[in-house]
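Structural overview
Residues per chain, in single letters:
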Amino acid sequence: MKTVLFCIPLKKNTLSQYEAFSKEHVKRQKEYKDMLTRYDIHCAKIWHKNINDRDYVFVYHEVGPNFREKMKGWDTSNHPFDQWFRENMMAVYDIENAAGMEEPHQLVDFSV
């Protein structure tokens, strides 16, 4: 299984809003699981870190072979949960649009 990691800056003073959103979408377990499945995402883990007085979230996914292709429709999905999720995400992410979450370039992959 492949993995992806996103580092996303949060808008100023939105960490508590992001935490509430995180709790809400996990409570909506079936809908959240269905959304992840639609995009070939098998695992979602999120961390927070404050760096130089700026909040960031690190979003880690284990993904299947169709992840990149399926994510191409993320920005334009009309699915009600996808729209709710995207609206809440964009309310706190300090990026212009969801396309601003491009995957970072991996520098090292070393296993023992």
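Just so it is clear, the model here is predicted, and its values are computed rather than measured. (Residues numbered from 1 in each chain as written. Predicted model: local features only at pLDDT ≥ 70, side-chain atom pairs only at ≥ 80, totals over all residues. Heavy atoms only, no water.)

Now for the overall build of the protein. Regarding its fold elements, the protein presents four helices and three strands. Going from the N terminus to the C terminus, the protein shows its helices and strands as β-α-α-β-β-α-α. A compact globule built from 112 residues should have a C-alpha radius of gyration of about 13 Å, and the protein, at 14 Å, falls within 12% of that. Based on the C-alpha atoms only, the size of the protein along its principal axes is roughly 40 × 35 × 25 Å. Taken across its 112 residues, the protein has 33% of its residues classed as buried. A separation threshold of at least 6 residues defines the contact pool for the protein, and within that pool the share at least 24 residues apart is 68%. Here the protein has roughly 7,700 Å² of accessible surface; of this, 52% comes from carbon and sulfur atoms. The distance from the centre of the 16 positive side-chain charges to the centre of the 17 negative ones in the protein is 4 Å. (Helix = DSSP H or I, 4+ residues; strand = E, 2+ residues; numbered from the N terminus. Rg over C-alpha atoms; globule rule 2.2 N^0.38 Å. Buried < 20%, exposed > 50% of the residue type's maximum accessible area, 1.4 Å probe, protein only. Contact = heavy atoms within 4.5 Å. Areas by Shrake-Rupley, 256 points an atom, 1.4 Å probe, with all protein chains shown as cover. Lys, Arg positive; Asp, Glu negative; His and termini not counted. Charge placed at Lys NZ, Arg CZ, Asp CG, Glu CD.)

This brings us to the packing of aromatic side chains. Per the counting criterion, the structure on display carries ten aromatic pairs. With a centroid separation of 6.0 Å and an interplanar angle of 75°, the aromatic rings of Trp74 and Phe85 are classed as edge-to-face. Here Phe85 lies in helix 4 (residues 80-92) and Trp74 lies in the loop between helix 3 (67-71) and helix 4, a separation of eleven residues in the sequence. Per residue, the accessibility class of Trp74 equals that of Phe85, and both read buried. An aromatic cluster is present here, built from Tyr18, Phe21, Tyr32, Tyr39, Trp74, Phe81, Trp84, Phe85 and Tyr93 joined pairwise through their rings. (Phe/Tyr/Trp six-rings, centres within 6.5 Å; stacked < 30°, edge-to-face > 60°.)

Moving on, we get to unusual backbone geometry. In this model, Asn13 sits at a positive phi of 65°, which is unusual for a non-glycine residue. Looking at the secondary structure, you find Asn13 in the loop between strand 1 (2-9) and helix 1 (15-27).

Pairing is antiparallel across the open sheet formed by three strands, whose spatial order is 1-3-2. Each end of this open sheet is capped by a strand with a single partner; those strands are strand 1 and strand 2 (41-51). Each adjacent strand pair in this sheet contributes to an overall mean axis angle of 15°, direction not counted. Both strand 2 and strand 3 (residues 54-63) contribute to a ladder of ten bridges, which runs antiparallel. Within strand 3, the residue paired with Cys43 across the bridge is Glu62. (Pairing = 2+ DSSP bridges. Axes fitted to C-alpha atoms, helices over the stretch in contact; angles between N-to-C directions.)

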